[in-house]
Amino acid sequence: MFSFGIPLILFVCIFVILLINYWLGAPFTIHVDYAPESLYTKELETMQEIAPLFILFLIPAALTIFFTRWKKSIVTYTWKVHFKGELKFPNKLFQVSIWFPFVALILAVAFSPIYASWIIETEYQYMIYAMDFYERPMHYTMERTLIASGVIAFFGVVSSILELWTSLETARAIRSVEQNRKVSAGEVVSDWFLVVFYPIGIFALQPRVNEFGLNDSVDREIEYMAD
């Protein structure tokens, strides 16, 4: 609920609020004598009015920390507690990789109001640029929007790759505890899909994770009785 359900509901609710505000403010009927410049100017003004509401997306974005901490807890428990650090694992790389997508998402949401206004303004500038048969030099708004889009795309790709890798390591951690050995990536393809499709996979994964503490406590009790 905290890591997927509530964030999803909040995302949808905020999106609907923004959409309604945009519908109420932006023109959707273009008459023959309606100046294109006026249309884009009105769109830009409307976007600038509702842009501050974009910051509300920080709430559901922040709640995804529960999913991040869930993966981190499983992997940390596996290699530090269950295997007691005896098996090699790139812990520092994993720590950076697990938090990078989360931080990138927060920064992207925080930047989204500015970026949304830039998009509308770029459309307006491109219209003027095209009407002059490309004789006018490209406006700086178009350049900064292209650069911002490239940066966002880069961080998006990197975050996606890291998210898939940390999901793979989470799946390996779960199977490694169950097998009591370090398993390979090829052995956990099905579990990896369960972690990636977390809202569905959690129902199959969490019962297995719940067994970790029970099994360890039983093992410690057996060792104590043997001593």
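Nothing here was measured: the structure is a model prediction, and the numbers come from that model. (Residues numbered from 1 in each chain as written. Predicted model: local features only at pLDDT ≥ 70, side-chain atom pairs only at ≥ 80, totals over all residues. Heavy atoms only, no water.)

Structural notes on helix α4 (residues 65-82)
If you check α4, its first and last C-alpha atoms are 24 Å apart, about what 18 residues at 1.5 Å a residue would give, namely 26 Å. For α4, every residue scored as buried is listed here: Phe67, Thr68, Trp70, Lys71, Ile74, Val75, Tyr77, Thr78, Trp79 and His82. A positive backbone phi angle near 55° is found at Lys84, which sits one or two residues after α4. (Helix = DSSP H or I, 4+ residues; strand = E, 2+ residues; numbered from the N terminus. Expected span 1.5 Å × (residues − 1). Buried < 20%, exposed > 50% of the residue type's maximum accessible area, 1.4 Å probe, protein only.)

Details of the confidence of the model for the protein chain
Confidence in the prediction for the protein chain averages 80 pLDDT; 80% of positions are at 70 or higher. Averaged pLDDT values for the elements of the protein chain fall to 68 in helix α2 (residues 36-50) and rise to 92 in helix α7 (residues 189-196). Per-residue pLDDT stays below 50 along residues 28-34; that stretch engages in 5 contacts with residues further than four places along the chain or on separate chains. (pLDDT = per-residue confidence, 0-100. Contact = heavy atoms within 4.5 Å.)

Here we look at a nonpolar patch on the surface
A contiguous nonpolar patch, built from Phe4, Leu8, Val12, Phe15, Val16, Leu19, Ile20, Trp23 and Leu24 and spanning about 880 Å² of accessible area, is present on the exposed surface. Tracing the backbone through its elements, the reader meets Phe15 in helix α1 (residues 5-25). (Patch = residues over 30% accessible without salt bridge, like charges linked within 9 Å, V, L, I, M, F, W, Y side chains within 5 Å. Areas by Shrake-Rupley, 256 points an atom, 1.4 Å probe, with all protein chains shown as cover. Salt bridge = Lys/Arg side-chain N within 4 Å of Asp/Glu carboxyl O.)

Some remarks on the nonpolar core
Trp70, Ile74, Val75, Trp79, Ile174, Val209 and Phe212 are the most contacted members of the largest nonpolar core, which has 23 residues in total. At the level of elements, α4, α5 (91-131), α6 (140-179) and α8 (198-226) are the ones that each hand at least two residues to this core. Leave out the neighbours within four places in its chain, and Phe212 touches Ile74, Tyr77, Ile174, Val177 and Glu178. Ranked by size, the runner-up nonpolar core spans 12 residues in total, among them Tyr22, Ile50, Phe57 and Ala61. (Core = buried A, V, L, I, M, F, W, Y, C linked by side-chain atoms within 4.5 Å.)

Thoughts on the environment of Ser176
Tracing the backbone shows Ser176 in helix α6. Along the backbone, Ser176 and Trp79 are 97 residues apart, and their C-alpha atoms lie at a distance of 9.3 Å. Those residues in contact with Ser176, other than ones at most four positions away along the chain, are Thr78, Trp79, Phe83, Arg181, Lys182 and Val183.

Considering the packing of aromatic side chains
What the rule picks out here adds up to 17 aromatic pairs. Plain terms: the ring middles of Trp79 and Phe83 are 5.5 Å apart, the flat faces sit at 25° to each other, and that makes the pair stacked. Residue Trp79 is classed as buried on the basis of its relative accessible area of 4%. Centroid distance Phe111 to Trp118: 5.6 Å. Interplanar angle 80°. Geometry classified as edge-to-face. Here Phe111 falls in the partly exposed class, since its relative accessible area comes to 26%. With a relative accessible area of 18%, Trp118 lands in the buried category. Aromatic ring contacts, followed pair by pair, group Trp79, Phe83, Phe89, Phe94 and Trp165 into a single cluster. Cation over ring: Lys182 sits above Trp79, and NZ or CZ is 5.7 Å from the ring centre. (Phe/Tyr/Trp six-rings, centres within 6.5 Å; stacked < 30°, edge-to-face > 60°. Lys NZ or Arg CZ within 6 Å of the ring centre and 35° of its normal.)

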